[in-house]
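Summary of structural features
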Amino acid sequence: MSVHNPDIKRVTTHTIQELKNKGEKITALTAYDYSMARVVDKAGVELILVGDSASNVMAGHETTLPITLDQMIYHASSVVRGVKRALVVVDLPFGSYQGNSSEALRSAIRIMKESGAHAVKMEGGQEIRDSIVRILSAGVPVMGHLGLTPQSIYKFGTYAVRAKEEAEAQKLVEDARMLQDIGCFGVVLEKIPATLTKTVSQSLHIPTIGIGAGPDADGQILVFHDLLGINNEFKPRFLRRYADLHTVMTEAIAHYVDDVKANDFPNEKEAY
Ligand SMILES: Nc1nc(=O)c2c([nH]1)NC[C@@H]1CN(c3ccc(C(=O)N[C@@H](CCC(=O)O)C(=O)O)cc3)CN21
Ligand SMILES: CC(C)C(=O)C(=O)O
Ligand SMILES: [Mg+2]
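Residues numbered from 1 in each chain as written. Chains lettered and ligands numbered in written order. Predicted model: local features only at pLDDT ≥ 70, side-chain atom pairs only at ≥ 80, totals over all residues.

The protein chain carries the name 3-methyl-2-oxobutanoate hydroxymethyltransferase in an unreviewed UniProt entry, which gives Spirosoma terrae as its organism. The record in UniProt for the protein chain states the following under Catalytic activity (unreviewed entry): "(6R)-5,10-methylene-5,6,7,8-tetrahydrofolate + 3-methyl-2-oxobutanoate + H2O = 2-dehydropantoate + (6S)-5,6,7,8-tetrahydrofolate". Taken directly from UniProt, the Pathway (unreviewed entry) text for the protein chain runs: "Cofactor biosynthesis; (R)-pantothenate biosynthesis; (R)-pantoate from 3-methyl-2-oxobutanoate: step 1/2." (UniProt positions renumbered as here; feature names shortened; annotations may be inferred.)

Here it is, written out as structure tokens:
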């Protein structure tokens, strides 16, 4: 594929680092299937995340907890087939890496082998250090994820802003430093105060990718359906909607329904 196309230079973890070094913002967006991935890649996004938010936006679950490793691999392999340029990162789902570094390694290796993705992302700091180290030692790039970590929703009880208190902010700074020291290539910061994002991003040499984390992260990430306004229920303050596809799609499909009912579709030219 793209390896045979000299016009397209693939984004690697090193490219992402170079963007931070140059002071150029990094763009990231989720995708969950082949068609979405093609669009996101074509639009120039550098990092495509196969997020476990697929549990919400693709499967309709309330949380990210139910999605399985097999389901993540299905989404990831579909995305990889649609991407020519972007770096493809896959969320390790809940239950596939916490508290057991052997299982974590097995999960990461399955993702890499069975999907063809380029890196994995894992939620948490010190608690999952051993699992991250084990995966990194196998040569699999790991992205960290701190702040609001949706896989621990039942520990916190809400999706409110994280690390507003000094103790929690201090732990986040230490976790971020630790993730860098063990060799993570980047870290997602979700729903934390903008000032904390600025502190962390300036003190780390690896890039930070923010969501609801203010303007000073080294890059930004959003969920595909949120950016395009496909699901119109989710509207946190950090979200900017770039389209109202929910309305566009509903109107188009309603138009089709009308045309069929009115014997307008298909017409002679659309028949054999
Ligand atoms: N569609 C979607 N977008 C996301 O960004 C996303 C998911 N799903 N699923 C997994 C996690 C969960 N995330 C979340 C979830 C809630 C808030 C949040 O700010 N919730 C507000 C209410 C938002 C609303 O108006 O619905 C809160 O105060 O709980 C933020 C990020 C981010 N991720
Ligand atoms: C919101 C991003 C960072 C994520 O983890 C996901 O989409 O699952
Ligand atoms: Mg996720």
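A few points about the UniProt feature "active site" (unreviewed entry) in the protein chain
Feature annotation in UniProt assigns "active site" (unreviewed entry) to the following positions: Glu190. By the secondary structure assignment, glutamate 190 is in strand E6 (residues 186–190). On the basis of neighbour counts, which here come to 21 C-beta atoms within 10 Å, the residue glutamate 190 falls in the buried class. If sequence neighbours within four positions are ignored, glutamate 190 has contacts with His145, Gly147, Leu148, Ile211, Gly212 and Ala213. (Helix = DSSP H or I, 4+ residues; strand = E, 2+ residues; numbered from the N terminus. Buried ≥ 20, exposed ≤ 12 C-beta atoms within 10 Å, placed from the backbone. Contact = placed C-beta atoms within 7 Å.)

Focus on the pairing of strand E1 (residues 26–30)
Every regular strand shows the same layout, with side chains that alternate between the two sheet faces. In terms of burial, E1 is largely enclosed, as four of its five residues are buried. Pairing analysis gives four bridges linking E1 to strand E8 (residues 219–222), with the strands arranged parallel. Directly across from alanine 28, in E8, lies its bridge partner isoleucine 221. Tracing the backbone out of E1, into helix H2 (residues 34–42) and back to the parallel element strand E2 (residues 47–50) gives a crossover that is right-handed. (Pairing = 2+ DSSP bridges. Right-handed = clockwise from strand over helix to strand, strands pointing away.)

Observations concerning the site of ligand 2
Surveying the vicinity of ligand 2 reveals the residues Thr30, Leu49, Gly51, Asp52, Ser53, Asp91, Val188, Glu190, Ile211, Ile221 and Val223. For the shell around ligand 2, the class distribution of residues is five nonpolar, three polar and three charged. (Near = placed C-beta within 6 Å. Nonpolar A, V, L, I, M, F, W, Y, C, P; charged D, E, K, R; others polar.)

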